[in-house]
Amino acid sequence: MIKIKIVRPLEGYKLKLEFSDGTVGTYDLSGHVARTGPMVQPLKDPEFFGRVFLEDGAPTWPNGYDLAPWALHKELNDAKLLRPSSANAAE
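I will try to describe carefully the structure that is included in this document. Values in this document were obtained by computation on a predicted structure and should not be read as measured data.

Overall, the coordinates contain 2 salt bridges when judged by the stated rule. We note a salt bridge from Lys 5 to Glu 18, for which the minimum N-O separation is 3.6 Å. With Lys 5 in strand 1 (residues 4-10) and Glu 18 in strand 2 (residues 14-19), this pair connects stretches of sequence that are 13 residues apart. Salt-bridge contacts for Asp 78 lead to Lys 74; the nearest nitrogen and oxygen are separated by 2.6 Å. In this pair, Asp 78 and Lys 74 are both assigned in helix 3 (residues 69-78), 4 residues apart and thus about one turn of the helix distant.

Here it is in structure tokens:
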């Protein structure tokens, strides 16, 4: 099962993700943030967006909004936006 080992928020509602299979990619959440609803509304605040953390390998925010790591991996992989992490490339 794919999990995320490292998540880092970036400007523009993006997340830099390092997956358990040693790949990395940047996921653009601006489409998610543009939606309406009580769960995504807090994400519109860049400070709140930056409070992302990992819970069981999934990016999660303090209001309980989370994203499925396997779905993020698949979407990035299908778009050819995954690459080996620099730590793996050195091996």
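That was the structure; now back to the text.
Bringing helix 3 into the picture now. Residues of helix 3 that are buried include every one of Pro 69, Leu 72, His 73 and Leu 76, and no others. Angularly, the buried residues of helix 3 cover 100 degrees about the axis, an arc narrow enough to put them on a single face. Lys 80 sits one or two positions beyond helix 3 and adopts a positive phi of about 60 degrees.

We now examine the packing of aromatic side chains. Summed over all chains, the structure comprises 3 aromatic pairs. With 5.6 Å between their ring centres and 35 degrees between their planes, Phe 49 and Trp 61 make a pair best called tilted. A residue pair is termed long-range when its members are at least 10 positions apart, and Phe 49 in helix 2 (residues 46-49) and Trp 61 in the loop between strand 5 (58-60) and helix 3 qualify at 12 residues. No difference in accessibility class separates Phe 49 from Trp 61, as the two residues are buried. Seen from their ring centres, Trp 61 and Tyr 65 are 5.9 Å apart, and the 50 degrees between their planes marks the pair as tilted.

This paragraph deals with the pairing of strand 3 (residues 23-28). Note that strand 2 and strand 3 share 5 bridges and pair antiparallel. Of the residues in strand 3, the one forming a bridge with Lys 14 is Asp 28. Connecting strand 2 to the antiparallel partner strand 3 that follows it, the hairpin turn spans 3 residues, and Gly 22 within it adopts a positive phi of roughly 85 degrees. Strand direction decides the pairing type here: strand 3 and strand 6 (residues 83-84), joined by 2 bridges, are antiparallel. Considered in strand 6, the bridge of Thr 23 is made with Pro 84.

What counts, and where the lines are drawn
- Residues numbered from 1 in each chain as written.
- Predicted model: local features only at pLDDT ≥ 70, side-chain atom pairs only at ≥ 80, totals over all residues.
- Heavy atoms only, no water.
- Salt bridge = Lys/Arg side-chain N within 4 Å of Asp/Glu carboxyl O.
- Helix = DSSP H or I, 4+ residues; strand = E, 2+ residues; numbered from the N terminus.
- Buried < 20%, exposed > 50% of the residue type's maximum accessible area, 1.4 Å probe, protein only.
- Arc of directions from axis to C-beta.
- Phe/Tyr/Trp six-rings, centres within 6.5 Å; stacked < 30°, edge-to-face > 60°.
- Pairing = 2+ DSSP bridges.

That is the geometry; function is a separate question.
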